[in-house]
Amino acid sequence: MDEPSLSLSVDALLVGSPALLAPGVMSAMGKQPVRGPVRIGWLGLEGDSVADPLHHGGHDKAVHLVPHEHYAWWRGALDDHPLLDAPGAFGENLATRGATEANLCLGDRFALGSAVLEISHGRQPCAKLNARFGRKDVLGQAIASGHCGVYLRVIEQGEAKAGDAMILLERPLEDWPIARVFNLLIAGGHKADPAGVAQLAETRVLADAWRVRAEKLAR
């Protein structure tokens, strides 16, 4: 179902390189905004990189988006942590406003500048969030809240800049907001909806890693 009226505003496009978050913890989560246009290739934004290519990066995780709407909630949860004063606190490549995981759906295709991006799955948070914020409770709160953002694959390469609109082109799976997918596959909701998990296991647009997880949970 197409919903061309849905448009996200892009506050920033961000890139980063691996750096030490804590003793023994390398991560490229510390990203900085890009000034001017940035090229978006098959593996993401030009100038961006990952510290752990086994679990991060690749076509299904080319671009990470975090809705800025979550930042107010996180300020309350994390005692106004200074990292929340600017976009990029969670290692996102796109800082957006206008929709959250509750109304961003698996398979949504967006035009951003001259690129076309497709939502492949949600972000599965890891313990590096704890190292990033210097607290032991961030990972648990991320899973419980579902405020983790989404990953997008690149369908058409191009370039974009902060201030561009991110415009919905196609919505083939309106029954699958990322919040529902995350709840079933990551937050423990699979037992309440086995039929939904089985359906996800057959949904080809879902990123391979999460589709394999759905297959295991559906057994």
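About the criteria used
Residues numbered from 1 in each chain as written. Predicted model: local features only at pLDDT ≥ 70, side-chain atom pairs only at ≥ 80, totals over all residues. Heavy atoms only, no water. Helix = DSSP H or I, 4+ residues; strand = E, 2+ residues; numbered from the N terminus. Buried < 20%, exposed > 50% of the residue type's maximum accessible area, 1.4 Å probe, protein only. 1 Å grid on protein atoms, 1.4 Å probe; cavity = no way out; pocket = protein on both sides within 12 Å on 5 of 7 lines; lining within 4 Å. Points joined across faces, edges and corners; volume = space filled by probe spheres on them. Nonpolar A, V, L, I, M, F, W, Y, C, P; charged D, E, K, R; others polar. Salt bridge = Lys/Arg side-chain N within 4 Å of Asp/Glu carboxyl O. Phe/Tyr/Trp six-rings, centres within 6.5 Å; stacked < 30°, edge-to-face > 60°.

What about unusual backbone geometry?
At step 1: Its identity is not glycine, yet Asp79 carries a phi of approximately 55 degrees, on the positive side.
At step 2: By secondary structure assignment, the location of Asp79 is in the loop between helix H1 (70-77) and strand S8 (94-97).
At step 3: At Asp80, a residue that is not glycine, the phi angle is positive and equals roughly 55 degrees.
At step 4: Looking at the element boundaries, Asp80 is found in the loop between H1 and S8.
At step 5: Accessibility expressed as a relative area gives 55% for Asp80, which makes it exposed.

Describing empty space enclosed by the protein
At step 1: Evaluated as defined, the whole model comprises one cavity of 30 Å³ or more.
At step 2: What the largest cavity holds in volume is close to 60 Å³.
At step 3: What lines the largest cavity is Val66, Trp74, Phe90, Arg123, Pro125, Leu129, Ala142, His147, Cys148 and Gly149.
At step 4: Grouping the amino acids of the lining of the largest cavity by side-chain chemistry returns seven nonpolar, two polar and one charged.

Focus: the pattern of salt bridges
Working definition: two side chains of opposite charge can pair if their charged atoms are close together.
At step 1: A full pass over the atoms with the stated rule returns 11 salt bridges.
At step 2: A salt bridge links Asp11 to Arg97; its shortest N-O distance comes to 2.6 Å. A residue pair is termed long-range when its members are at least 10 positions apart, and Asp11 in strand S1 (residues 7-15) and Arg97 in strand S8 qualify at 86 residues.
At step 3: Asp108 is the salt-bridge partner of Arg171, the closest N and O atoms lying 2.7 Å from each other. On the criterion of sequence distance, the pair formed by Arg171 in the loop between strand S13 (165-170) and helix H4 (178-185) and Asp108 in the loop between S8 and strand S9 (109-112) is long-range, its members being 63 residues apart. Here the two residues Arg171 and Asp108 agree in accessibility, since each one is buried.
At step 4: One continuous salt-bridge network, built from bridges that share partners, spans Asp60, Arg109, Glu118 and Arg153.

Structural notes on the packing of aromatic side chains
At step 1: A complete count under the given rule lists five aromatic pairs for this structure.
At step 2: Pairing Trp74 with Phe90 gives two aromatic rings, centres 5.2 Å apart and planes at 40 degrees, and the pair type is tilted. One end of the pair, Trp74, is in helix H1; the other, Phe90, is in the loop between H1 and S8, with 16 residues separating them in the sequence. No difference in accessibility class separates Trp74 from Phe90, as the two residues are buried.
At step 3: With 5.3 Å between their ring centres and 40 degrees between their planes, Phe90 and Phe133 make a pair best called tilted. A residue pair is termed long-range when its members are at least 10 positions apart, and Phe90 in the loop between H1 and S8 and Phe133 in helix H2 (residues 128-133) qualify at 43 residues. Both residues of the pair, Phe90 and Phe133, belong to the buried class.
At step 4: One aromatic cluster in this structure is built from Tyr71, Trp73, Trp74, Phe90 and Phe133.

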